[in-house]
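# Architecture and fold: a report
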Amino acid sequence: MINADENTNKIIFDQYKCVRTDYLYAECRKCADICPENSFYFKKEKLILNSQTCTGCAACIGGCPSEALNIEAFDENQYILKFAKSSSTLISCKNDSPCLAVFDEHHFISAAMLKNENIECDLTNCDSCEYKNAKEIKELLKERVRNSNLFLSEIGFIKKISQEPKEAVNERRGFFRKLTQIAVSQTIVEKPKISGVNPTKTQIPIKKTILKNRIKDYLESSELQTISSGYGVVFEKSVDEAKCTNCGDCASFCPIGAFYMDSSKEKLFFQSSKCVGCGICMQVCKTSAIEKKQEINLFDFANDSEILMVSHPLKVCKKCKLAFYAKEEETRCPHCVIMEN
C-alpha cells in the first residue's frame, strides 16, 4: 500500500460533481460502501471525505457515476486509452494500476473494444490483499467484469474479459514511478472551466464519452439497434405523459443535464448519452411519472439523440384566463379544477 500522505497518491473529491450535491437526498453512496477505512461519511446528508483516514487505495473511484473522485497520480481514463495501444493484455494492481476497483464497466468494455483482443483482469491478488474489505472488492470487481462480458456478448462483440491472467505479475515493477508517469502524461481532454451555480450540468463523465464513441464506431458496421439491458453503463428513461405535470424538477435536479426542457418550458427532452443512472429524476418526481426502461436503444445513446419525452403547450385557462402548461385535452388550469371539485 502506498502512503496516503504522498501528494501524488492523494484522493481528490470534487463535491460539485457529486450527485448528492444536486439533490440532498440522493441515494448514491457507492464510495462510502466500498471504502475499506470508512473514510466517507455523511454530515447533514452531505458527503464528506476524511483525508486523515484515507489510505489512497483508489477503490472508491470506479464506482462514482459522475467522476467526482480521482487520484492525482493516476488517470483511469488515460490508462485505458494507453492500454489499448500497448502490447499488454493484462490489467493488474501488481503491474501499473492501483486497486482495480478504480475501473468499472465503462473502462473494461472500452478496453476490450478499443484493443479488439481478449483482456485479462487479474483478480487473484485480491486474495492476498491487505485491504480490510478485499473480499467485498473482489466480488464487486467480479460483478463488473460479468456485466462487461454480458454487454459485449449482447452486442455481438466476440472478445471477452477473463478474471484469471495467463501469467500473474508478482512484482510492483516500479509501481509508484509508473503512476507518476501516467499522471504527467498528456491528458485526454482539457476540462472546461465553467462558471455558475452548477458546473456539473455540462460535464459528462469522460469514461462515458470514451465508451459512447467506441460504440458509435462499432454500430457503423452492425445492424444492432437495441439491447435488453444497459448493464450499468447505459441508462434510458420513459415518462408517462398522463402523470407528468411539467413541473421541471427532473430537469432542475439532474446533475448531468440528461433531462432538460426547451426555452419555452413546454417540452421535456432526455439524452441517454448523458445519463449516469443516479436515479435522482425518479426520486424528485412527485407523480412517479419517470421509470427506468429495461430495453436500451444503443443508436440513441451513441449518437447523442435528443428524445422528446412530453410536450405540454402553454394554454389560457377558460375559467381564470391565466396561462398554464396543459396536457393536450386540458382547458382549465389545475388550480381551477381543484377549486371546482
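Residues numbered from 1 in each chain as written. Predicted model: local features only at pLDDT ≥ 70, side-chain atom pairs only at ≥ 80, totals over all residues. Heavy atoms only, no water.

The number of helices and strands found in the chain is 11 helices and 16 strands. Counting the 341 residues in the chain, one finds 50% classified as buried. The long-range fraction of contacts in the chain, counting pairs at least 24 apart against all pairs at least 6 apart in sequence, stands at 72%. Accessible area of the chain: about 17500 Å², with a carbon and sulfur share of 49%. (Helix = DSSP H or I, 4+ residues; strand = E, 2+ residues; numbered from the N terminus. Buried < 20%, exposed > 50% of the residue type's maximum accessible area, 1.4 Å probe, protein only. Contact = heavy atoms within 4.5 Å. Areas by Shrake-Rupley, 256 points an atom, 1.4 Å probe, with all protein chains shown as cover.)

Let us look at the packing of helix 4 (residues 105–115) against helix 5 (residues 134–154). Where helix 4 contacts helix 5, the two axes come as close as 9 Å, and the packing angle between them is 45 degrees. Comparing the axis directions of helix 4 and helix 5 gives the class oblique. Our pair here, helix 4 against helix 5, has a crossing hand that is right-handed. Contacts between helix 4 and helix 5 involve E105, F108, I109, A112 and M113 from the first element and L141, E143, R144, V145, N147, S148, F151 and L152 from the second. Looking at the contact of helix 4 with helix 5, its residues break down into eight nonpolar, two polar and three charged. (Axes fitted to C-alpha atoms, helices over the stretch in contact; angles between N-to-C directions. Parallel < 35°, antiparallel > 145°, perpendicular 65-115°, else oblique. Left-handed = near helix turned anticlockwise from the far one by under 90°. Nonpolar A, V, L, I, M, F, W, Y, C, P; charged D, E, K, R; others polar.)

Another aspect to go through is the pattern of salt bridges. Summed over the entire model, instances satisfying the criterion amount to nine salt bridges. Where E37 meets K132, a salt bridge forms, and the shortest distance between an N and an O atom there is 3.2 Å. Of this pair, E37 sits in the loop between helix 2 (30–34) and strand 2 (40–43) while K132 is found in the loop between strand 6 (119–121) and helix 5, placing the two residues 95 residues apart along the sequence. The partly exposed category is assigned to E37, whose relative accessible area is 24%. (Salt bridge = Lys/Arg side-chain N within 4 Å of Asp/Glu carboxyl O.)

Residues F151 and L298 are the most contacted members of the largest nonpolar core, which totals 62 residues. If near-sequence neighbours (up to four positions away) are discounted, L298 is found in contact with F151, I155, I215, L219, L224, Q225, T226, I227 and V234. (Core = buried A, V, L, I, M, F, W, Y, C linked by side-chain atoms within 4.5 Å.)

We now examine the packing of helix 4 against helix 7 (residues 206–219). Where helix 4 contacts helix 7, the two axes come as close as 9 Å, and the packing angle between them is 35 degrees. Crossing hand, helix 4 versus helix 7: left-handed. Together, H106, H107, I109, S110, M113 and L114 of helix 4 and K207, K208, I210, L211, R214, I215 and Y218 of helix 7 make up the contact between the two elements. In the contact of helix 4 with helix 7, the residues fall into seven nonpolar, three polar and three charged.

Here we take up the packing of aromatic side chains. Overall, the coordinates contain 11 aromatic pairs when judged by the stated rule. Residues F74 and F103 carry aromatic rings whose centres are separated by 6.0 Å and whose planes lie at 70 degrees to one another, so their mutual orientation is edge-to-face. Here F103 lies in the loop between strand 5 (90–91) and helix 4 and F74 lies in the loop between strand 4 (69–71) and helix 3 (76–85), a separation of 29 residues in the sequence. With respect to class, F74 is no different from F103; both count as buried. With 5.4 Å between their ring centres and 35 degrees between their planes, Y79 and F103 make a pair best called tilted. (Phe/Tyr/Trp six-rings, centres within 6.5 Å; stacked < 30°, edge-to-face > 60°.)

Taken residue by residue, the chain gives an average pLDDT of 84. The fraction at 70 or more is 86%. In this model residues 1–6 is a low-confidence stretch, pLDDT under 50, and it forms 13 contacts with partners more than four residues away in sequence or in other chains. (pLDDT = per-residue confidence, 0-100.)

So, about the sheet that holds strand 6. Picture the strands of a sheet paired through backbone hydrogen bonds; they go either parallel or antiparallel. Judged by pairing direction, the sheet is parallel, and its three strands sit side by side in the order 5-6-7 without closing on themselves. Strands with a single pairing partner mark the edges of an open sheet, and in this sheet they are strand 5 and strand 7 (161–162). Alignment of strand 6 against strand 7, held across two bridges, turns out to be parallel. When the bridges of strand 7 are listed, I119 appears paired with I161. (Pairing = 2+ DSSP bridges.)

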